[in-house]
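# Observations on chain architecture
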Amino acid sequence: MSTLVERKDLIAAAAAQMGKQVYKGAEDAKNPLPRKELHQDGGKVTTLEDAIKQTGLKDGMTISFHHHFRGGDKVVNMVVAKLAEMGFKNLHLAASSLSDVHEPLIEHIKNGVVTKISTSGLRGKLANEISHGLMEEPVTFRSHGGRGSAIATGDMHIDVAFLGASSCDPMGNACGYSRSENAKSICGSLGYALPDAQYADKVVILTDDLVAYPNTPNSISERNVDHVVVVDSVGDSSKISSGAIRDTKNPRDILLAKQAAKVIINSGYFKEGFSIQTGSGGASLAAVKYIRQSMIDQGIKASFSLGGITAHMVKMHEEGLIERLIDVQSFDKVAAESLKCDPMHKEVSANEYASADEPGSATHCLDMVILSALEVDVNFNVNVLVGSDGIIRGAIGGHPDTAADSALSIIVCPLLRGRIPCVVDEVTTLITPGSTVDVVVTEYGIAVNPSRPDLKERLVKAGLPIVEIASLRDKAQSIIGTPAALPFGDKVVGVVMNRDGSVMDVIKNIKG
């Protein structure tokens with residue numbers, strides 16, 4: 001019989017041939033403790049201050065955040081306040097988007113804690129201050145798909161990602177909902193946090209519900225998480241539908257929604273297995289409700305709905321009208337709960353959602369998208385970021401990503417907002433190139449891009465009120481006249497990136 005002693009020389013020869021050491025036996029005794037007790041903190045659970053220290057964060061580095069709690073987010077302000085307390089300076093804050101709730105950042109910018117920002121959008125007093133020249137370095141604006149690509153390629157390198165999660169176990173398995181009795185929050189999809197978790201040098205999960213291992217199914221895997229911090233609250237779930245997300249009761253928006261629905265139904269794309277996405281504006285969200293009855297009447301089902309998923313989409317999915325939901329951001333609690341419970345409701349990262357250089361991104365498979373706009377010009381270019389007063393007041397989101405990749409992009413906007421024209425000679429800021437826009441729907445008529453004569457023919461045949469886009473501009477001017485030029489200064493406060501990584505436009509400061 002061959003023994004280990006007899007095989008000693010053969011073992012040594014095999015090790016030498018493989019360039020390995022010979023096994024010498026276990027040095028430490030096996031720990032007999034129950035594993036739940038042994039790994040109760042996973043070696044990762046710590047305080048926020050200690051987590052920051054252990055990441056090796058230094059002045060001048062890049063920190064990132066996601067915005068899935070929207071107006072209810074508490075993580076950005078909490079973390080940056082701690083960083084300020086610890087004396088950090090000259091940080092680059094790379095958030096998927098920023099909103100009204102992040103007003104405290106103004107003081108941190110003035111104090112030099114944050115000197116650079118990359119984001120998809122800005123709102124509220126923070127946006128107003130930046131529009132007037134608060135920062136020395138311009139804010140970099142990217143679409144959601146563009147941000148995902150920039151992170152993946154290293155164009156925007158993240159040193160430490162601070163990511164809020166509604167549940168996390170001691171090992172770092174995290175997601176945007178909780179199945180425990182102690183659940184405090186829910187935001188649903190963590191799609192915009194997933195590139196950060198995958199590519200950041202260090203990842204810190206902040207959670208208000210530390211659950212037992214294993215927290216499955218999870219959005220973020222323990223293999224990508226370095227530290228877990230338990231806090232009182234990561235976000236107010238009642239505010240994830242705040243801001244631009246609204247269910248309209250405005251008669252004008254309802255009229256626009258009905259017109260957009262007629263475009264869809266008569267476009268040639270409204271057939272069995274079509275796919276669709278809606279933007280965050282009231283009219284674009286409401287349009288879905290008006291195609292529902294036609295789907296029932298014609299026996300048509302959609303293969304999937306994409307993007308920010310809403311209660312309307314969930315209802316149609318549950319009715320069997322939409323087979324699958326592909327969710328990069330849950331726009332309300334109904335959608336968040338659906339993601340938690342329904343295996344046909346799939347969470348995707350920003351890269352899988354809309355990155356131009358991701359071969360399998362869902363936008364590449366998108367038939368139709370309905371989007372809102374602040375302005376559209378006579379060349380079909382769209383602005384969704386800068387208001388008519390020159391103040392930053394919105395977000396790029398997935399607007400240019402979906403317009404570029406979809407077979408049919410529909411922009412829905414009123415001709416006027418108050419005394420402000422929405423159809424103009426040239427948009428204040430170029431966000432979505434006109435070459436990617438197919439239709440503009442207003443209450444005064446529907447304009448079709450001249451590059452789509454096929455589509456125009458179908459809509460004319462259906463009896464829809466088709467007009468030239470220049471006539472919409474003329475109509476707006478006849479009602480309110482030509483607006484005065486905005487008092488822009490010479491300082492660049494924002495740089496708008498195209499989704500391919502090129503610079504597309506700049507935003508100048510507004511005086512006064």
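That block above? That's the structure.
A quick note: this is a predicted structure, and the numbers were derived from the prediction, not measured. Within each chain, residue numbers correspond to sequence positions counted from 1 in written order. Residues qualify for local features only when their pLDDT is at least 70, as the model is predicted, and side-chain atom pairs are given and counted only at 80 or more; totals for whole chains, interfaces and linings, by contrast, use all residues. Each side-chain value is derived from all of the structure's non-hydrogen atoms; neither hydrogens nor water enter the calculation.

Its 17 residues give helix α10 (residues 282-298) an end-to-end C-alpha distance of 26 Å, which sits within 8% of 24 Å, the value for a rise of 1.5 Å per residue. If you check which residues of α10 are buried, you get Gly282, Ala283, Ser284, Leu285, Ala286, Ala287, Val288, Ile291, Ser294 and Met295. The contact rule is simple, with two residues in contact once any of their heavy atoms fall within 4.5 Å. Helix and strand assignments come from DSSP, with helices taken as H or I runs of at least 4 residues and strands as E runs of at least 2, each series counted from the N terminus. Among the structural elements, α9 (251-265), β11 (275-278), β12 (302-309), α11 (311-318), β15 (368-372) and β18 (408-412) are those in contact with the buried residues of α10. Here a helix's expected span is defined as the number of its residues, less one, multiplied by 1.5 Å. Burial here depends on accessible area, computed with a 1.4 Å probe over protein chains only, as a share of the maximum for the residue type. Under 20% is buried, over 50% is exposed, and the range in between is partly exposed.

The subject of this paragraph is unusual backbone geometry. Most of the time, phi is negative for any residue but glycine, and the peptide bond is trans. At the junction of Tyr213 and Pro214, the peptide bond is cis and its omega measures out at 0 degrees in the coordinates. Here Pro214 is to be found in the loop between β9 (202-207) and β10 (227-230). Along the chain, Thr216 connects to Pro217 via a cis peptide bond; the corresponding omega equals -10 degrees. For Pro217, the position within the fold is in the loop between β9 and β10. In this structure, Phe380 is a non-glycine residue whose phi angle is positive, near 70 degrees. By the element assignment, Phe380 lies in the loop between β16 (375-377) and β17 (382-383).

This part is about the packing of α9 against α10. Interaxial angles span 0 to 180 degrees and are taken between N-to-C directions of axes, which are lines fitted to C-alpha atoms, for helices over the stretch in contact. In contact at an axis separation of 7 Å, α9 and α10 are set at 45 degrees when each is read in the N-to-C sense. One finds that α9 runs oblique with respect to α10. Crossing geometry of α9 relative to α10 is assigned as right-handed. The residues of α10 that touch α9, namely those facing Asp253, Ile254, Leu256, Ala257, Lys258, Ala260, Ala261, Ile264 and Ile265, are Ala283, Ala286, Ala287, Tyr290, Ile291, Ser294 and Gln298. Note that the term roughly parallel is reserved for angles under 35 degrees, roughly antiparallel for angles over 145, roughly perpendicular for angles of 65 to 115, and oblique for everything else. Crossings are sorted by hand: turned counterclockwise from the far helix by less than a right angle, the near helix makes the crossing left-handed, and turned clockwise it makes it right-handed.

Residues of α11 that are buried: Met313, Val314, Met316 and His317. On an axial view of α11, the arc spanned by its buried residues comes to 165 degrees, and they lie on one face. Just past α11, the residue Gly320 takes up positive phi, approximately 85 degrees. Within this analysis, the arc is defined by the directions that extend from the helix axis to the C-beta atoms.

Here, any two strands with at least 2 DSSP bridges between them count as paired. Read from one edge to the other, the open sheet built from ten strands follows the order β1-β10-β9-β6-β2-β3-β4-β5-β25-β26, with strand pairing classed as mixed. Of all strands in the sheet, those bounded by a partner on one side alone are β1 (45-46) and β26 (503-510). Here β1 runs beside β10; their pairing, made up of two bridges, is parallel. Bridged to Thr46 within β10 is Val229. Its contacts with the sheet place helix α6 (residues 124-131) against β4 (114-119), β5 (139-141), β25 (488-497) and β26, and it is angled at close to 90 degrees to β26.

Before going further, it helps to examine the pairing of β26. Pairing of β25 with β26 involves six bridges; the strand directions are antiparallel. Within β26, the residue paired with Val492 across the bridge is Lys508. In textbook terms, the turn of a hairpin is the stretch between consecutive antiparallel strands, and for β25 and β26 this stretch comprises five residues, one of which, Gly501, has a positive phi near 95 degrees.

Of all hydrophobic cores here, the largest spans 100 residues; its most connected members are Phe65, Leu93, Phe162 and Leu206. When near neighbours in sequence (up to four residues on either side) are disregarded, Phe65 contacts Val75, Val76, Val79, Val80, Leu93, Ala94, Ala95, Ser96, Arg147, Phe162 and Asp196. By nonpolar core is meant a set of buried Ala, Val, Leu, Ile, Met, Phe, Trp, Tyr and Cys residues that side-chain atoms within 4.5 Å join together.

This brings us to the environment of Arg417. Mapped onto the elements of the fold, Arg417 is located in strand β19 (residues 416-417). On the basis of relative accessibility, which here comes to 32%, the residue Arg417 falls in the partly exposed class. On a C-alpha basis, the gap between Arg417 and Leu374 in space is 9.0 Å, while along the polypeptide they are 43 residues apart. If near-sequence neighbours (up to four positions away) are discounted, Arg417 is found in contact with Arg252, Ala373, Leu374 and Cys422. Side-chain atoms alone can form a polar contact between residues adjacent in sequence; in general such a contact is a pair of N or O atoms within 3.5 Å, and within protein one must be able to donate a hydrogen while the other accepts it. There is a polar contact of 3.2 Å between the side chain of Arg417 and the backbone oxygen of Leu374.

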